[in-house]
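Per-entry structural report
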Amino acid sequence: MNDVTTNIDKYLEEQSNLDLLRFITCGSVDDGKSTLIGRLLYEAQLIFEDQVAALTNESKRHGSQGGDIDFALLVDGLAAEREQGITIDVAYRFFATDHRKFIVADTPGHEQYTRNMATGASTADAAVILVDATAGALTQTRRHSFICSQLGIRHVALAVNKMDLVDFDKATYDKIVSDYLEFAKPLNFDEISPIPMSALKGDNVVERSEKTPWYTGPTLISYLETVDANQSLIDETFRMPIQWVNRPDRTFRGFAGTVVSGKIARGDEVRVLPSGEVASIQDIILYKDSLEEAVSDQAVTITLDREVDCSRGDVLVASMDPSEVADQFEVNIVWMDQEPGHHGRSYWLKTSTTRVNAILTDLKYKYNVNTMEHLAAPDLALNDIGVATLSVDKPIAFEPYDSNRSMGSFVLIDRYSNATVAAGMINFALRRAKNVHQQKLVVDKAARSVLNNHKSQVLWFTGLSGAGKSAIADALEQKLHARGIRTYILDGDNVRHGLNQDLGFSDNDRIENIRRIAEVAKLMIDAGLVVLTSFISPFRAERDMARQLVGEGEFVEIFVDTPLEEAERRDVKGLYAKARKGELPNFTGIDSPYEAPLNPEVHLHSGEDSIDVCVQQIIDTLDLGN
Amino acid sequence: MDMTHLDRLEAESIHIIREVLAEAENPVMLYSIGKDSSVMLRLAEKAFYPSPPPFPLMHVDTRWKFQAMYEVRDKIAEETGMDLIVHVNPEGVEKNINPFDHGSALHTDIMKTQGLKQALDKYGFDCAFGGARRDEEKSRAKERVFSFRNSSHRWDPKNQRPELWNLYNGRKSPGESVRVFPLSNWTELDVWQYIYREEIPIVPLYYAAERPVVERDGMLMMVDDDRLKLLPGEKVETKRVRFRTLGCYPLTGAIESDADNMQKILLELLEARTSERQGRAIDSDSDGSMEKKKQEGYF
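What you are looking at is a predicted structure, and each value in this text was computed from that prediction instead of being measured.

So, the overall build of chain B
Check the secondary structure of chain B and you find eight helices and 10 strands. By the compact-globule yardstick of 19 Å for 299 residues, chain B fits well, its C-alpha radius of gyration being 19 Å. If one aligns the C-alpha atoms of chain B with their principal axes, the spans along those axes are about 55 × 50 × 40 Å. Considering chain B as a whole, with its 299 residues, one finds that 65% of them fall into the buried category. In chain B, 73% of the contacts between residues at least 6 apart in sequence involve partners at least 24 apart. Accessible surface, chain B as shown: approximately 11100 Å² in total, 48% of it carbon and sulfur. Computing the positive centroid from 43 side-chain charges and the negative centroid from 51, chain B places the two 3 Å apart.

As structure tokens, then:
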């Protein structure tokens, strides 16, 4: 009995001293990633007997290895994956040797599932990149290598797999390795260890192969056991994003979060960002224990010695060495959604514990993943990797991704589908937020409003071509003018021919068109005017962007609702006829969508109601404060 | 100070649990009274201490759990100060659905899967914590930490959201809900080590003891109450057994074991060559059966 206790305690002691390596396997379709992991688990004797029995059964049914055990079936856990013999999503598997614990993410090779590969790579310390010896490095091998490099993986094993199919030929192996090293030169890997291998037959996976006497490097498992990929940021400066404020009663106010770098002890002075307030650490709490210090990766609750304004999304940092705070960044971006990313579009951005509004202000370029060439980026399509600039609506504390993954990573979230559409890494701030204090003027919007005797705002008309937007706006302006309201109409005639004459009708240009109009309207509101804009403005995302830019309360969305058939029947300018003949590409309602407003402030039925009725309906809703 | 492997797992889980609070409107923690649930509950207590976890516990009951489980459940709820919601599918009660007459598949579907959906809809929970681990089963190994369900509680494994770093996107459309698995990266061994280290109370059935069992379909079934009717040729034997997982007693096989304390359980586990789900009748129904059940809304 005592023996058991001692043995177990000794074992647990040893176990707790083992470190953990998280790695991914990646590469192109059919390079043998899943087979390799199956082999690793099998050789590490982690496949239990009942799983082997089930596996043998399944191998007979779906297997691609004749009667032999098909190891890929062990990791391809989804029915669709087993049927098609491919990997769709990343699978996480666990094993341990006497030297290390491992979590391996087996990632899919197909291009369409690249986002799932990026998911696996984002938490990995090292990568095993597989290349099929009979095929060499393919586009997907390069794309995966590039993503690994961008996501900060610095240690790579280049597993030249299926060596059994080329008779373990050294020349073939050397050629593949030298080609890959040439390709990988511009990537940010610290080291690349090539290993000739056969995952199917087990050569150089765990046991050294007799068939490669010319190879003197480590087997894959000994590489993984020894690679020094420790990513701990314990020696960096202290950073802790606040997740939650703990207030059980009036006497206790604790800040809960995970330390993402450095360490902190009782009595240390910290700063709250972005506000900049300073306080000292009173206590560090982990459940019923009070700790002397907290280190990187620990999840704790901290109390401070004085009242400060601090809530979720703020970051506690070392007071003498705070993070930068900024609202404009250059970022690396991996696009992961079917719907492309457009310049000027607005998204939710989530970084550490903060969520803010973000706009892609410029798409600088995207990469040709085969050659690393920079290509023009009119938009970012699914699986594109590029560089962009981005602005957020409120300053955030950050670190460049290269020096601190947690403080420099973010995801973009679509406002409508709620999908995670992109992963991003901050390179640097374009300007420091603290340098952008705007000159405060004495004569401001409020002063002008008093002089004018009415509030300023934008009346944003939207609807199909021919719905009657301009006619209604015109009639409304006459009424307002007669009542002494200062007005101005922005429409296609005065904007398209001047300010926006460089823009066409592609999706990107339409977005930029609306952005500029919204900016002009904003200036005019500041000048004290009631601005009437009369544009089709077909996309919900852009109208919402305009609403955000202008500000809630000063934006009145007016939906001029006429059925397409009615607008097309009227066809005042003959545009629908031309569009139907194919002479006007991207014409809204014909071959480009119109996204109707979900909650417009005013909803006009211009198909049924007269212009006068419509104008009266708007006036009844308006609040001009006069 | 150096963080051990368990410390890191603990910290990661606490981060996930706290993140849910920011992303969800009305979260609930599913509590099955098993060892994984017990660990998850302790992590929740740690995440919010000195406050109690700011969400209720919910047990979707089938009326066929071991008696010892009900006793532990009521005691734990009292000790943590959390609200405990117990839901039993009333249609299942009316039709007296049970594993003996209706088989494991139907019983599990009506009492667990449908019962869970009913309960989530009834209370309007938009986020439910579950104690599932990725090392349990092949389709679990593929599941995200924040895993989405559509308005009919279905999982779409071919179209999961990317989930990078520890940035969890919990935003969802009306009607959708999220299952969150804070123990995703734990293994069975980690769970036991943590229970040992933290001295977390667990149902005594995990420890070996002399218990009345019958052998049926190659499984050792414990005679937990008089609803178990012996078939011709069966006889009740007393054996020294324990359970590696706990569920409905007619569907949960015992294993013969001498492991009557935590050290011996750990030792047994280290020497084990049979993975833990083998004791559950549900998984051997058909190849890929867990994925199918999950798509239909099984946790």
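A few points about empty space enclosed by the protein
Within the structure shown, the criterion is met by six cavities of 30 Å³ or more. Here the second largest cavity defines a volume of roughly 100 Å³. Taken together, Pro-241, Gln-243, Thr-258, Val-260, Ser-352, Thr-353, Ser-406 and Ser-409 of chain A together with His-15, Glu-19, Asn-166 and Leu-167 of chain B make up the lining of the second largest cavity. For the lining of the second largest cavity, the secondary structure elements donating two or more residues are strand 7 (239-246) of chain A together with helix 1 (5-23) of chain B.

Points about helix 12 (residues 469-482) of chain A
Residues and elements named next belong to chain A. Compared with the 20 Å implied by 1.5 Å per residue over 14 residues, the 20 Å span of helix 12 between its first and last C-alpha is a close match. Listed in full, the buried residues belonging to helix 12 are Lys-469, Ile-472, Ala-473, Leu-476, Glu-477 and Leu-480. One face of helix 12 carries all of its buried residues, which in axial projection span an arc of 135°. Exposed residues lying more than 90 degrees from the buried face of helix 12 are Gln-478, His-481 and Ala-482.

As for the sheet that holds strand 4 (residues 126-132) of chain A
Residues and elements named next belong to chain A. Taken in spatial order, the six strands line up as 2-3-1-4-5-6 in an open sheet, and their pairing is mixed. What marks the edges here is a single partner per strand, and that holds for strand 2 (91-96) and strand 6 (191-196). In this sheet, adjacent strand axes meet at a mean angle of 25° when their direction is disregarded. Pairing geometry for strand 5 (residues 155-161) and strand 6, over six bridges, is parallel. Pairing of Ala-159 across the sheet is with Ile-195, part of strand 6. In the packing of helix 2 (residues 33-43) onto the sheet, contacts are made with strand 1 (19-27), strand 2, strand 3 (100-106) and strand 4, and the angle to strand 1 comes to roughly 150°. Sitting on the sheet, helix 8 (residues 170-184) is in contact with strand 4, strand 5 and strand 6, with an inclination near 160° to strand 6.

Examining a negative patch on the surface
Residue and element names in this part refer to chain A. A surface patch of negative charge is lined by Asp-9, Glu-13, Glu-14 and Asp-98. Summarising the element assignment, Asp-98 is placed in the loop between strand 2 and strand 3. For Asp-98, a relative accessible area of 72% gives the class exposed.

What to know about the interface of chain B and chain A
Counting residues at the interface gives 67 residues for chain B and 90 residues for chain A. When the two sides are added together, the surface that chain B and chain A hide from each other amounts to roughly 6600 Å², 56% of it contributed by carbon and sulfur. Between Asp-297 of chain A and Arg-8 of chain B there is a salt bridge; the shortest N-O distance is 2.7 Å. Viewed at the interface, chain A and chain B are joined by 24 residue pairs in polar contact (both at pLDDT 80 or more). Per-element tally for the side of chain B that touches chain A: the top contributor is helix 1 of chain B, with 12 residues.

Quick notes on the rules
Residues numbered from 1 in each chain as written. Chains lettered and ligands numbered in written order. Predicted model: local features only at pLDDT ≥ 70, side-chain atom pairs only at ≥ 80, totals over all residues. Heavy atoms only, no water. Helix = DSSP H or I, 4+ residues; strand = E, 2+ residues; numbered from the N terminus. Rg over C-alpha atoms; globule rule 2.2 N^0.38 Å. Buried < 20%, exposed > 50% of the residue type's maximum accessible area, 1.4 Å probe, protein only. Contact = heavy atoms within 4.5 Å. Areas by Shrake-Rupley, 256 points an atom, 1.4 Å probe, with all protein chains shown as cover. Lys, Arg positive; Asp, Glu negative; His and termini not counted. Charge placed at Lys NZ, Arg CZ, Asp CG, Glu CD. 1 Å grid on protein atoms, 1.4 Å probe; cavity = no way out; pocket = protein on both sides within 12 Å on 5 of 7 lines; lining within 4 Å. Points joined across faces, edges and corners; volume = space filled by probe spheres on them. Expected span 1.5 Å × (residues − 1). Arc of directions from axis to C-beta. Pairing = 2+ DSSP bridges. Axes fitted to C-alpha atoms, helices over the stretch in contact; angles between N-to-C directions. Patch = residues over 30% accessible without salt bridge, like charges linked within 9 Å, V, L, I, M, F, W, Y side chains within 5 Å. Salt bridge = Lys/Arg side-chain N within 4 Å of Asp/Glu carboxyl O. Buried area = accessible area lost by both parts, 1.4 Å probe. Polar contact = N/O pair within 3.5 Å; in protein donor to acceptor, adjacent residues only side chain to side chain.

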